[in-house]
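# Reading the structure
One-letter residues, chain by chain:
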Amino acid sequence: MLIFCSASSEPELNRALQLTGDAERGKALYPLCASCHMKTGWGKPDGSFPVIAGQHSEVLIKQMLDIRAGNRDNPTMFPFTDPQAIGGAQGIADVISYIAALPQPLAPHQGQGPGTDLASGKALYHARCQQCHGDRGQGNNASFYPKLKGQHFAYLLRHMRWIRDGYRKNSDPVMVQQLQGLDDKALSPLADYISRL
């Protein structure tokens with residue numbers, strides 16, 4: 001399995017993945033996250049903060065540690081990944097254990113796009129995304145492929161642009177390749193379709 005992280009974050013990632021998270025301790029840490037991701041973990045429908053509830057635990061651990069190590073630029077999130085705020089590898093494992101167990105939102109609680117070209121979004125998804133993220137956007141925990149189903153349209157669209165344009169430094173090269181050549185006119189219905197899975 002390929003893990004896309006710098007040498008500086010890999011030891012901590014491996015440590016965190018070996019730990020068993022304690023959801024009760026994680027619940028006590030979660031108010032740090034709830035200030036942006038909301039008490040439910042459903043983020044905001046305008047896409048300013050993503051749905052994290054029910055996301056795969058290994059995906060969440062990797063993203064937090066990538067932000068902490070500077071492999072993923074996220075100035076808003078960075079202070080919340082600081083060891084003094086959340087703790088070391090065990091603190092991350094604990095809070096992620098709690099977040100991963102939160103129920104995901106059901107429509108219409110997530111932000112959706114205009115719904116005007118879902119057929120082309122569906123065709124693109126099945127041609128370019130399904131092989132990694134699954135036929136229903138269920139992702140793959142062991143391969144670090146996130147769940148996409150139930151994610152906010154605006155968040156998906158923004159991050160697909162960032163991955164395509166090289167702004168997301170921790171992106172899987174296969175994902176970058178799949179998004180290359182897709183302009184915003186193609187990405188919008190793709191994100192809209194995914195938001196409705």
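Throughout this document, residue positions are counted from 1 along each chain, in the order its sequence is written. Residues qualify for local features only when their pLDDT is at least 70, as the model is predicted, and side-chain atom pairs are given and counted only at 80 or more; totals for whole chains, interfaces and linings, by contrast, use all residues. Water and hydrogen atoms were dropped before computing side-chain values, which therefore reflect all heavy atoms in the structure.

This paragraph deals with the pattern of salt bridges. Any carboxyl oxygen of Asp or Glu within 4 Å of a side-chain nitrogen of Lys or Arg constitutes a salt bridge here. Inspection of the entire model under this criterion finds nine salt bridges. For the salt bridge of Arg164 with Asp184, the shortest nitrogen-to-oxygen distance reads 3.0 Å. Taken together, the residues Arg164 in helix α10 (residues 153-164) and Asp184 in helix α12 (residues 184-195) connect sequence positions 20 residues apart. We note a salt bridge from Arg196 to Asp192, for which the minimum N-O separation is 2.7 Å. Burial classes follow relative accessibility: with a 1.4 Å probe on protein chains only, a residue under 20% of its type's maximum area counts as buried, one over 50% as exposed, and anything between as partly exposed. Since its relative accessible area comes to 2%, Asp192 is described here as buried. Salt bridges sharing partners connect three or more residues here, namely Arg161, Arg164, Asp165 and Asp184. Strands are runs of DSSP state E lasting at least 2 residues, helices are runs of H or I lasting at least 4, and numbering of each runs from the N terminus.

Right, let's get into the packing of aromatic side chains. Centre distance within 6.5 Å is the pairing criterion for rings of Phe, Tyr and Trp, where only the six-membered ring of Trp is used; planes under 30 degrees apart are then read as stacked, over 60 as edge-to-face, and the remainder as tilted. Applying the stated criterion to the full structure yields three aromatic pairs. Taking the centre distance of 5.3 Å and the plane angle of 55° together, the rings of Tyr30 and Tyr98 count as tilted. With Tyr30 in the loop between α2 (23-29) and α3 (31-37) and Tyr98 in helix α7 (residues 89-101), the pair connects residues that are 68 residues apart, well separated along the chain. Taken as a pair, Tyr30 and Tyr98 share a single burial class, namely buried.

Let's shift gears to helix α4 (residues 57-69). Over its 13 residues, α4 extends 18 Å from the first C-alpha to the last, a length consistent with the 18 Å expected when each residue adds 1.5 Å. Most of α4 sits inside the fold, with 10 of its 13 residues counted as buried. Every buried residue belonging to α4 is among Val59, Leu60, Ile61, Lys62, Gln63, Met64, Leu65, Asp66, Ile67 and Arg68, and all of these are buried. For α4, the elements touching its buried residues are α1 (10-18), α5 (78-81), α6 (83-86) and α7. Positive backbone phi, at 85°, marks Gly70, one or two positions downstream of α4. Here the expected length of a helix is defined as 1.5 Å per residue gap, with one fewer gap than residues. In what follows, a contact means two residues having at least one pair of non-hydrogen atoms within 4.5 Å.

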